[in-house]
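Commentary on secondary and tertiary structure
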Amino acid sequence: MHSYPYQPKFHRIYGGPSISLFIPSVLPHSSMHKPVFITFFNIWSQYAFNHLVLFVSLLIVCSSLPSLFCLPFMAPIFSLFLSFVMLSWSIAQGQGPPSPGYSPSTSVRTVKFDQVFRNLWGPQHQRADQDSITIWLDKTSGSGFKSIQPYQSGYFGAAMKLQPGYTAGVITSFYLSNNEDHPGNHDEIDIEFLGTTPDELYTLQTNVYIKGSGDGNLIGREMKFHLWFDPTQDFHNYAALWTPSEIIFFVDDVPIRRYTRKSEATFPTRPMWVYGSIWDASTWATDNGRYKANYNYQPFVGKYTNFKISGCIAGGPASCRPPSVSPSDTGSLSQQQLEAMNWVQRNYLVYDYCQDPKRDHGQIPEC
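The shown structure was predicted, so the numbers you read here are calculated from the model rather than taken from an experiment. (Residues numbered from 1 in each chain as written. Predicted model: local features only at pLDDT ≥ 70, side-chain atom pairs only at ≥ 80, totals over all residues. Heavy atoms only, no water.)

This part is about the packing of aromatic side chains. Applying the stated rule across the entire model yields 20 aromatic pairs. Measuring from ring centre to ring centre gives 5.7 Å for F113 and F307, while their planes differ by 50 degrees; the resulting arrangement is tilted. With a gap of 194 residues between them, F113 in helix α3 (residues 113–116) and F307 in strand β17 (residues 300–313) connect regions that are remote in the sequence. The pair formed by F113 and F307 is uniform in burial state, with each residue classed as buried. Both rings, one in W228 and one in F229, keep their centres 5.6 Å apart while their planes meet at 90 degrees; by these two values the pair is edge-to-face. Each member of the pair, W228 as well as F229, carries the same accessibility label: buried. An aromatic cluster is defined as three or more aromatic residues linked by ring pairs; in this entry it consists of F113, F117, F145, F174, Y304 and F307. Sitting over the ring of W273, K146 keeps its end group 4.1 Å from the ring centre. Seen from the ring of Y351, K224 lies directly overhead, with NZ or CZ sitting 5.2 Å from the centre. (Phe/Tyr/Trp six-rings, centres within 6.5 Å; stacked < 30°, edge-to-face > 60°. Helix = DSSP H or I, 4+ residues; strand = E, 2+ residues; numbered from the N terminus. Buried < 20%, exposed > 50% of the residue type's maximum accessible area, 1.4 Å probe, protein only. Lys NZ or Arg CZ within 6 Å of the ring centre and 35° of its normal.)

Right, let's talk about the environment of Q355 for a bit. Mapped onto the elements of the fold, Q355 is located in the segment after β18 (349–352). Taking the C-alpha atoms as reference points, Q355 and M223, 132 residues apart in sequence, are found 9.9 Å from one another.

Next up on the list: unusual backbone geometry. Here Q298 and P299 are connected by a cis peptide whose omega angle stands at -5 degrees. The backbone of D252 sits at a positive phi, close to 50 degrees, despite the residue not being glycine. If you trace the backbone, D252 turns up in the loop between β14 (246–251) and β15 (254–260). Overall, the relative accessible area of 27% leaves D252 in the partly exposed class. Of note in this structure, N306 is not a glycine but carries a positive phi near 50 degrees. Classification of N306 by relative accessible area gives partly exposed; the value is 25%.

The next point concerns the pattern of salt bridges. Enumeration according to the criterion identifies seven salt bridges in this entry. Between E366 and R221 there is a salt bridge, and its shortest N-O distance comes to 2.5 Å. With E366 in the segment after β18 and R221 in the loop between β11 (203–209) and β12 (223–225), the pair connects residues that are 145 residues apart, well separated along the chain. On the basis of relative accessible area, E366 is assigned to the buried category, the value being 10%. With its nearest N and O atoms 2.5 Å apart, the salt bridge here joins E264 to R261. Taking the relative accessible area as the measure of exposure, E264 reaches 52% and is therefore exposed. (Salt bridge = Lys/Arg side-chain N within 4 Å of Asp/Glu carboxyl O.)

Structure follows, in structure tokens:
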């Protein structure tokens, strides 16, 4: 639950896949030039518009000329125009990632909030019913909840809806941790939303800690994403699968990150609890602390529902296995799921700790 100084940020429009055009331009929140991402749809739409103008212009000119003179010019221009319109339309219709071909959340039953969780802190800043919980942060306190039992492995998911507008400095999270059991030497699997300003997108930060507290000798393993939708407009499902061999992060059943076990030293194996929280992380959350929580915009609200928990309880039967998240029932992602994950990482990944030249790669041998 920490952030590194190196955070390349790419500006996007919620929507379709993008190609990177490296246009030198000073953007908000930075004193340096940063690459601007322009969507395919915008580019092709501009081409289509240009061809429409050309086609209409030729139509006007040709209205006073013999048809045989104009026909050789009109036909190819009209054909190109139709091609660009059809391409723009197809891109506009395919704004999200390709289908992973399987929805693991459908195989995990929804549980009531009070069956699995209890208040951890800030009880006056949360409102819970059987199926959902709303927590909020103001200048007096944030709030958090914690699972009743620790888990050794499993599938852990929730639908979340975030606060729109100015949320800089605010973290809204759903994660696993054993920090209370191993302070200063804990494990963690994070799904964290880094607050933002109205002109910027939310960043979804996924992270894995192995026996590291997040301060001092920090060895975080962050991968950060923008999303292909606006997470403030509706509930979306976020989940992590933790097995003895890998950790997979999902957004609306689309895998976005896979962290595999390559050694005992680089993989969390101790039992962890499931948490949700909203809190002030102004020192690092938004542009490395440049933008702080502004309590003129309070309260900052996080909403959770549709909890999907299917895990092996710590100390439970040795025969317990976490659920499969692929149609093959082997636990590994299918080829179609891998293709969807690769698409997300090509188009929406904005930070990868393995690609950060400022990291000490001797501390992250899995890279």
